[in-house]
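Residue-level structure breakdown
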Amino acid sequence: MERLFINYFETGAIILFGVGFATLLLHNNLIKKIIGMNIMDTAIFLFFIAKGYIPGREAPIIQDVHKGAAGYINPVPSALMLTGIVVAVSITAFALALTIKLHEKYGTIELDQIMEMRGD
Amino acid sequence: MISLAMAKSFPLLILLILLISAFIMPLVKNNRVVKGISLGTMMMAAVLSVITMIYVVKNGSFVYRIGHWDAPWGIEFYISPMEAAIGVLFTWVAGLILWYSLYSLEKEIPSEKLPFYYLLVNVLIGALLGIVYSNDIFNCFVFVEISTLASCGIVVIKDKKENIKAALKYLILSCLGSGLFLMGIAFLYSITGNLNMTFIYKEVAAAQYVYPNVILISVVLFTIGLGVKSAMFPLHTWLPDAHSSAPSVSSALLSSLVLKGFVILLIKILFRALGFTLVKELPILDLILILGSLGMIMGSVFAILQKEIKRVIAYSSVAQVGYIFFGIGLASELGVAVALYHVFGHAVTKAMLFLTVGAMIETTGKKKIEDFKGIGKEMPITLGLFTLGALSMVGIPILPGFVSKWNLALASISAGKPILVAIILISSILNALYYFPVVIHGFFGEENLKDRVYKSKQKPVKEMLPVICLSVAVLFVGLISEPLIQLFSLGLK
């Protein structure tokens, strides 16, 4: 239990991940599903960045003087998550575009109603 | 030799050719030119991959540093005989499918969308080859996402109701999968501090005693995340919709290549990044074995219940991917090598099945199995090729399906689990139950053949030539099974 409080970043990230996962799986509304997907992705970003964070050190941007490797946090997770954000944004955009198309064809974005219209 | 030494940079060159040429296509107005660019670049990639393969077989595996940055900082391509062979498979099968698409694609999608379609195909194959070649897990993740988006694109391009629904379902489940996969990377990175698979392998040996649970969690996340994308049994629900509603060229690409890219990534992570000895001790391989066996049986059972022929073949893919996971789950070198061989055999066979069925649907305009009774008289060559594919799926000797089933049975006996042979047998019988009726009703039966005119609906041989090439490839893959399996078991070390 104590470990969960010490690593509160990771705990928070996993809780957020669960929230996003449940939203993605359990909701019928497509927009809510996409929001859930985004929450899930954000949770992963938080988790990853927390892994690279070292308390008391600065962001790895050199201003005036270079303080040596000991002065900065680990820049790799931040750089990776920058790519991750780009990927997540493009997937969100694509999913939203598909949702608009789906609404044009079916007139609804509730997945259970769409599944019922299977016959035609 | 000068030319062979250059082969080291060919994997990157293949990716660059495919990805750069993709984005030229929408700028070209003439569809014939677009088709030329698409086929030309794929053929160039195919030739380059063959040269890479020859180089690797002669000189052994090599590492290519992109931008000449050394390993833990830069991204590497690691080309062993396994990767080179898979690269050859992907480019050649994609090339043949593209050749077939020259004649048939315009009948299925609007002609103004044709450049975008070929764009997506080139991006897709480029990304899949990236997954296969790259030695950096995060780089693989980016390629996985690119290929997911591109494969959704080639499903949705038909712009029909059911396509959009299927693509959205596919996209949402894939996002779930890639979320889990990225979380797996995060866990693995947190204990090893590396993203390069070679370095992870070195670090994880020390970390496994300190953080056994973290390794287990990350392996489960990898397996489920990639399992969703490669249609591991209970997670396959997106596959039948997406594969059956897409244009038949897309179905062939999706079923024969896209699923396999993710399976190969899983194999690479399990056996290259974590290593045989470590993974064997984890319960994950038993889970993969059970899910694979379930998939082999349930996929076939679902296929029997279907009425539309493309859905039957789509469910058959679930069963065949089950065989691959079965081979991985056996936890022996032979098992994994046969799983990789099955990737090969299934890719050529399933591409052929989808293309022949596509030709049947195109000329008759019907989709249901019962409408194809007596079609053997109208389209003898097409149904003949379908029969060859069906025989391979069921497991008739010499054909690849038989070779992988036989070796899987041998591997499961030597792994001390002879009961699994029964599962292979049951699955083969079930395969026969849904493939043979199509063939038998197609060729035989008095009332079926009445009023049918011989060769009346046959497509010109010129248009069927790519499929005939695929059938030669099926026979070829069946004949060279021994050296291929040996190659794969070497490549894993």
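The structure we're discussing is the one just above.
Computed from a prediction, not measured in an experiment: that's the story for all the values here.

Another point: helix 4 (residues 75–106) of chain A. For helix 4 of chain A, with 32 residues, the first-to-last C-alpha span of 46 Å sits near the 46 Å given by 1.5 Å per residue. All of the buried residues in helix 4 of chain A are Pro77(A), Leu80(A), Met81(A), Gly84(A), Ala88(A), Ile91(A), Ala95(A), Leu98(A) and Leu102(A). Residues of helix 4 of chain A that are buried make contact with helix 3 (30–52) of chain A together with helix 6 (137–156) and helix 7 (161–192) of chain B. Note on helix 4 of chain A: the residue one or two positions beyond its end, Gly107(A), has a positive phi of about 75 degrees.

Residue and element names in this part refer to chain B. As a packed pair, helix 12 (residues 284–305) and helix 18 (residues 419–443) sit with axes 9 Å apart at the nearest point and diverge in direction by 20 degrees. Accordingly, the angle class assigned to the pair helix 12 and helix 18 is roughly parallel. For the crossing formed where helix 12 meets helix 18, the hand is left-handed. On helix 18, the residues touching Ser293, Met296, Ile297, Ser300, Val301, Ala303 and Ile304 of helix 12 are Leu420, Ile423, Ile426, Ser427, Leu430, Asn431, Leu433 and Tyr434. Partitioned by chemical class, the residues of the contact of helix 12 with helix 18 number eleven nonpolar, four polar and no charged.

Turning our attention to unusual backbone geometry. All names here are of chain B. Its identity as a non-glycine residue notwithstanding, His68 has a phi of 55 degrees, on the positive side. When you line up the elements, His68 lands in the loop between strand 1 (62–65) and strand 2 (76–79). In this structure His68 comes out as exposed when scored by C-beta crowding, with 7 C-beta atoms within 10 Å. The backbone of Ala231 shows a phi angle near 60 degrees, a positive value even though the residue is not glycine. Locating Ala231 in the fold gives a position in the loop between helix 9 (212–229) and helix 10 (238–245).

Reading the values: rules and limits
Just so you know, the residues in each chain are numbered from 1, in the order the chain's sequence is written. Written order determines the labels here, with chains lettered from A and ligands numbered from 1. Local features in a predicted model are, by the rule used here, given only for residues with pLDDT of at least 70; side-chain atom pairs are given and counted only at 80 or more, and totals for whole chains, interfaces and linings are based on all residues. Where helices and strands are cited, they refer to DSSP runs of H or I of at least four residues and of E of at least two residues respectively, numbered from the N terminus. Take the residue count of a helix, subtract one, and multiply by 1.5 Å to get its expected span. Buried, partly exposed and exposed are defined by the number of other C-beta atoms within 10 Å of a residue's own C-beta, namely 20 or more, between the two limits, and 12 or fewer respectively, with C-beta atoms placed from the backbone. A pair of residues counts as a contact when their C-beta atoms, built from backbone coordinates, are within 7 Å of each other. For helices, the axis comes from a line fit to the C-alpha atoms of the stretch in contact; other axes are also lines fit to C-alpha atoms, and the angle between any two N-to-C directions lies between 0 and 180 degrees. Any angle between 65 and 115 degrees counts as roughly perpendicular, while under 35 counts as roughly parallel, over 145 as roughly antiparallel, and the rest as oblique. Note on convention: the crossing is left-handed when the near helix lies turned anticlockwise from the far helix by less than a right angle, right-handed when the turn is clockwise. Three categories are distinguished: nonpolar for Ala, Val, Leu, Ile, Met, Phe, Trp, Tyr, Cys and Pro, charged for Asp, Glu, Lys and Arg, and polar for the others, with Gly belonging to the last.

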